[in-house]
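# Descriptive structure summary
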Amino acid sequence: MRYGMMERLMWTAFKGGYKRELEHTLHIGNSSEVMKKAHKKYREMIESVQEFRPRNRFVVNIILSSILGSIYLSLEEKPAIEQMIIFNREAVMNNKILLKSIISEKNYTVKGQHTLAEGAKKSESDNNPYSWQYTFQAGKSLMEFTIYFKTCGICHLYKQWKIPEITPAMCKLDYDMAYVNNTEFLREQTLFDGGEYCDCHYIHSQDIHAV
């Protein structure tokens, strides 16, 4: 991928939260030094990723994963996965720009689910290992649906950089992001744990949680 405007803006938008949590959650004293080192590693990770098709909805996932991965790689002592999960959640979920973007019911409309279904069909021919292949299954009403992911770009990215152990720190965000959008998120298996697929079930309610 080209290290372009979106990649630069994402780093700018999230670097403050990650720096804060290096200090608060991981108790890192030289947080500025770590982030400076991580920024260089972040660009390397981004440029190692195969270019995505235009309008691929999962580009943001890879960018966020690259931010987390670059910081992890820049730490001399690697925290336990439980710490990384908390670290990532606090850094990401306290970002006001992100929160505004995910508080939306567009996936729970006829148009929104048509877009999801069309995206699933297109993904079947996408051989980019950093992207996702998936199928869409409508629920009993517009307020629920299921997506089965057969491949995962995050898993591939982290395997390439030999840090697969932090994959759950990204997976756990699915629950947090769903909660903010007043959606119950359920998952029984993941590709990371050796499952056949990641089964992501979404059940939405009308009342939005206050953030």
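Here, every reference points to the structure presented above.
Here we come to the overall build of the protein chain. Secondary structure assignment for the protein chain yields nine helices and four strands. Listing every helix and strand of the protein chain by position from the N terminus yields α-α-α-α-α-α-β-β-α-α-α-β-β. Over its C-alpha atoms the protein chain spans a radius of gyration of 17 Å, differing by no more than 12% from the 17 Å that the globule rule assigns to 211 residues. Reported as C-alpha extents along the three principal axes, the dimensions of the protein chain are approximately 50 × 40 × 35 Å. In the protein chain, which comprises 211 residues, the share counted as buried stands at 45%. Expressed as a percentage of contacts within the protein chain between residues at least 6 apart in sequence, the contacts between residues at least 24 apart total 66%. Entry remark: accessible area of the protein chain is about 11,500 Å², with carbon and sulfur atoms responsible for 52%. Side chains of the protein chain carry 27 positive and 25 negative charges; the gap between the two charge centres is 8 Å.

The strand order β1-β2-β4-β3 describes an open sheet built from four strands, whose pairing is antiparallel. Each edge of the open sheet carries a strand with a single partner, namely β1 (134–138) and β3 (183–186). Averaged over all neighbouring strand pairs, the angle between strand axes comes to 20 degrees, with direction disregarded. Inspection of the sheet shows β3 paired to strand β4 (residues 198–204) by four bridges, in the antiparallel sense. Paired with Phe-185 across the strands is Tyr-202, a residue of β4.

We now examine the environment of Lys-15. Turning to its location among the elements, Lys-15 is positioned in helix α1 (residues 5–24). The partly exposed category is assigned to Lys-15, whose relative accessible area is 39%. Spatially, the C-alpha atoms of Lys-15 and Val-92 are 9.8 Å apart, while their sequence positions differ by 77 residues.

It is worth spelling out the environment of Leu-64 at this point. Within the fold, Leu-64 resides in helix α3 (residues 59–73). Taking the C-alpha atoms as reference, Leu-64 lies 15 Å from Glu-21; in sequence the two are 43 residues apart. What Leu-64 contacts, discounting residues up to four positions off in sequence, is Met-10, Phe-14 and Met-170.

Looking now at the side chain of Thr-190. Looking at the element boundaries, Thr-190 is found in the loop between β3 and β4. Ignoring any residue separated from it by four or fewer positions in sequence, one finds Thr-190 in contact with Gly-195, Tyr-197 and Cys-198.

One finds Tyr-18, Leu-22, Ile-67, Leu-68 and Ile-71 to be the most contacted residues of the largest nonpolar core, which totals 60 residues. If you tally residues by element for this core, the top one is α3, at eight residues. Not counting chain neighbours up to four residues away, the residues in contact with Ile-71 comprise Tyr-18, Leu-22, Val-34, Met-35, Ala-38 and Phe-87.

With that settled, consider the packing of aromatic side chains. One pair of aromatic rings is described through two measures. These are the centre distance and the angle between the planes. Within this structure, the stated rule accounts for 13 aromatic pairs. Judged by centre distance (5.5 Å) and plane angle (40 degrees), the ring pair of Tyr-108 and Phe-145 falls under tilted. You can see Tyr-108 sitting in the loop between α5 (96–102) and α6 (110–123) and its partner Phe-145 sitting in strand β2 (residues 144–149), a full 37 residues away along the chain. Of the two residues examined, Tyr-108 and Phe-145, each falls in the buried class. Ring plane angle 80 degrees and centroid distance 5.1 Å describe the contact between Tyr-148 and Tyr-197, whose orientation is recorded as edge-to-face.

A word on α6. Taking 1.5 Å as the rise per residue, α6 with 14 residues should run 20 Å; its terminal C-alpha atoms sit 20 Å apart, in good agreement. Elements that come into contact with the buried residues of α6 comprise β1 and β2.

For the rest of this paragraph, the subject is helix α2 (residues 31–48). Across its 18 residues, α2 extends 25 Å between first and last C-alpha, which sits within 8% of the 26 Å expected from 1.5 Å per residue. Within the sequence span of α2, burial applies to Ser-31, Val-34, Met-35, Ala-38, Tyr-42, Met-45 and Ile-46. On its buried face, α2 sits against α1, α3 and α7 (153–160).

Scoring rules and cut-offs
- Residues numbered from 1 in each chain as written.
- Predicted model: local features only at pLDDT ≥ 70, side-chain atom pairs only at ≥ 80, totals over all residues.
- Heavy atoms only, no water.
- Helix = DSSP H or I, 4+ residues; strand = E, 2+ residues; numbered from the N terminus.
- Rg over C-alpha atoms; globule rule 2.2 N^0.38 Å.
- Buried < 20%, exposed > 50% of the residue type's maximum accessible area, 1.4 Å probe, protein only.
- Contact = heavy atoms within 4.5 Å.
- Areas by Shrake-Rupley, 256 points an atom, 1.4 Å probe, with all protein chains shown as cover.
- Lys, Arg positive; Asp, Glu negative; His and termini not counted.
- Charge placed at Lys NZ, Arg CZ, Asp CG, Glu CD.
- Pairing = 2+ DSSP bridges.
- Axes fitted to C-alpha atoms, helices over the stretch in contact; angles between N-to-C directions.
- Core = buried A, V, L, I, M, F, W, Y, C linked by side-chain atoms within 4.5 Å.
- Phe/Tyr/Trp six-rings, centres within 6.5 Å; stacked < 30°, edge-to-face > 60°.
- Expected span 1.5 Å × (residues − 1).

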